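Coordinate analysis (summary)
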Amino acid sequence: MIIVGDDPASRVYVNNKKKACEECGIYSEEYALPANTPEKELLELIDTLNGRKEISGILVQLPVPEHIDEKKIISAISPEKDVDAFHPINVGKIMVGDFDFVPCTPAGVMELIAESGIDVSGKECVVVGRSNIVGKPQAMLLLHKNGTVTICHSKTKNLAEKTKAADILVAAVGIPNFIKGDMIKPGAVVIDVGINRIEGKKLVGDVEFESAEKVAGAITPVPGGVGPMTIAMLMKNTVRAAVVQAEK
Ligand code: NAD
């Protein structure tokens, strides 16, 4: 795990991932670099870790400081050690449906759906948000499970009309309490990816839980819903990466 700078949210995420590694018996190393670390130095570190056989997975906690080119960093990680599945090769593999691992948050959402016995096939699935990390891969994974998928974003018109048609609604917007109960179809499965910090303390999702839970058939809370699943999927990806590399 590499963390550059002292963003408090990133620190919490890295600590949680470290703790999860310990709980699972996965050996981990943390590289905490100062915010002014030159890009070249970070690239050299990634190169060293790429070459170390006993390291199966490399994760650079995003965002990185502005002087560092995020795309360059992601592309420098060996695709088979890219346990976040952000490398363009892994993104392409997800597109064609032939992948070893998928980004942890959408993977966690799919696991929640599967474990709850919900069949995606033929369902109207609406994903609100189109980021490379969540929205886009989420839509692709639902499509691979034969959902009929609509992606909504900041330029979508009549959003409530779209969300109200969803049998499965995934919110990954980053706006606190954005999806209200009256935007949800009765009985729908509502998955809230959002993690928003209110007044620096309380965590709330993108879905207004109080109004949504009265309408939804199933709903994930924030905190304690998708967040822990994301970390669990990171552990799964890391084990998978180790197996794939051992089998080579
Ligand atoms: P992002 O900012 O990259 O993307 C937000 C998306 O929301 C954009 O695609 C944008 O088009 C869309 N959007 C913005 N305003 C909108 C509007 N008015 N109507 C419809 N769509 C709108 O964010 P992200 O990285 O995808 O993260 C989204 C949320 O999920 C954030 O709260 C983030 O903290 C959270 N998150 C949680 C986890 C987890 O482990 N649970 C992981 C990653 C991100």
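Just so it is clear, the model here is predicted, and its values are computed rather than measured. (Residues numbered from 1 in each chain as written. Predicted model: local features only at pLDDT ≥ 70, side-chain atom pairs only at ≥ 80, totals over all residues. Heavy atoms only, no water.)

1. A few points about the overall build of the chain
Here is the rule: In DSSP terms, a helix is any run of H or I states spanning at least four residues, a strand is any run of E spanning at least two, and both are numbered starting from the N terminus. Note on method: radius of gyration uses C-alpha positions; expected globular size equals 2.2 Å times residues raised to 0.38. Categorising residues by exposure relies on relative accessible area from a 1.4 Å probe, with only protein chains included: less than 20% of the type maximum marks a residue as buried, more than 50% marks it as exposed, and the intermediate range marks it as partly exposed. Any two residues having at least one pair of non-hydrogen atoms within 4.5 Å are treated as being in contact. What sets the accessible areas is the Shrake-Rupley method with a 1.4 Å probe; for residues, cover comes only from the shown protein chains. Counted charges follow a simple rule, with Lys and Arg positive, Asp and Glu negative, and His plus the chain ends left uncounted. Charge placement uses NZ in Lys and CZ in Arg. For Asp and Glu, CG and CD serve respectively.
Helix and strand counts for the chain come out as nine helices and nine strands. Relative to the compact-globule value of 18 Å for 248 residues, the chain shows a C-alpha radius of gyration of 18 Å, a close match. Counting only C-alpha atoms, the chain reaches 50 × 45 × 35 Å along its principal axes. Burial statistics for the chain: of 248 residues in total, 44% are counted as buried. The long-range fraction of contacts in the chain, counting pairs at least 24 apart against all pairs at least 6 apart in sequence, stands at 63%. Total accessible area computed for the chain in this model is approximately 12,700 Å², and 55% of it derives from carbon and sulfur atoms. Each charge class in the chain was averaged separately, 28 positive and 33 negative side chains, and the resulting centres sit 3 Å apart.

2. Concerning the site of the ligand
The test is simple: Being near a molecule or strand, for a residue, comes down to having at least one heavy atom within 4 Å of it. The term polar contact refers here to a pair of N or O atoms within 3.5 Å; inside protein, the definition further demands a hydrogen-donor-capable atom paired with an acceptor-capable atom, and it admits residues adjacent in sequence only when both atoms are side-chain atoms. Polar here means any residue outside two lists: the nonpolar Ala, Val, Leu, Ile, Met, Phe, Trp, Tyr, Cys and Pro, and the charged Asp, Glu, Lys and Arg; Gly therefore counts as polar.
For the ligand, the set of nearby residues contains 20 residues, the closest of which are Arg130, Ser131, His153, Ile195 and Thr230. At 3.1 Å, a backbone N or O of isoleucine 195 approaches an oxygen atom of the ligand. Threonine 230 places a polar side-chain atom, nitrogen or oxygen, 2.8 Å from an oxygen atom of the ligand. Starting from 860 Å² of accessible surface for the ligand in isolation, the protein chains cover 71%. Here the element with the most residues in the shell around the ligand is helix H9 (residues 226-247); it accounts for three residues. A class-by-class count of the residues in the shell around the ligand yields nine nonpolar, 10 polar and one charged.

3. As for the environment of proline 65
Among the structural elements, proline 65 can be located in the loop between helix H2 (39-51) and helix H3 (70-76). What makes proline 65 buried here is its relative accessible area of 18%. Filtering out sequence-adjacent residues up to four positions away, proline 65 remains in contact with Val4 and Ala35.

4. Some details on the sheet that holds strand S3 (residues 124-128)
One key point about sheets: their strands pair by backbone hydrogen bonds, in either a parallel or an antiparallel sense. Selection rule: Only strands joined by at least two bridges in the DSSP assignment are considered to pair. A fitted line through C-alpha atoms represents every axis, and for helices the fit uses only the stretch in contact; the resulting angles, taken between N-to-C directions, go from 0 to 180 degrees.
Read across the sheet, five strands follow the order S4-S3-S5-S6-S9 without closing on themselves; strand pairing throughout is parallel. The sheet is open, and its two borders are formed by strand S4 (148-152) and strand S9 (218-219), each paired with just one other strand. The sheet strands contacting helix H6 (residues 135-144) are S3, S4 and strand S5 (168-171), and the helix crosses S3 at an angle near 170°.

5. Some details on the nonpolar core
Quick note on the threshold: We call a set of buried Ala, Val, Leu, Ile, Met, Phe, Trp, Tyr and Cys residues a nonpolar core when their side-chain atoms join them within 4.5 Å. For each domain, the first and last residues come from an automatic or database assignment.
Counting residues in hydrophobic clusters, the biggest one holds 38 residues, and the most contacted among them are Ile113, Leu142 and Val170. Counting residues per element, this core draws most heavily on H9, at seven residues. Formed jointly, this core draws a minimum of three residues from each of two domains, domain 1 (1-78) and domain 2 (104-227). Apart from the residues lying within four places of it in its own chain, the contact partners of isoleucine 113 are Ile118, Val120, Leu142, Ile168 and Ile191. Membership of the second largest hydrophobic core comes to 17 residues, among which are Ile2, Ile46, Val64 and Ile77.

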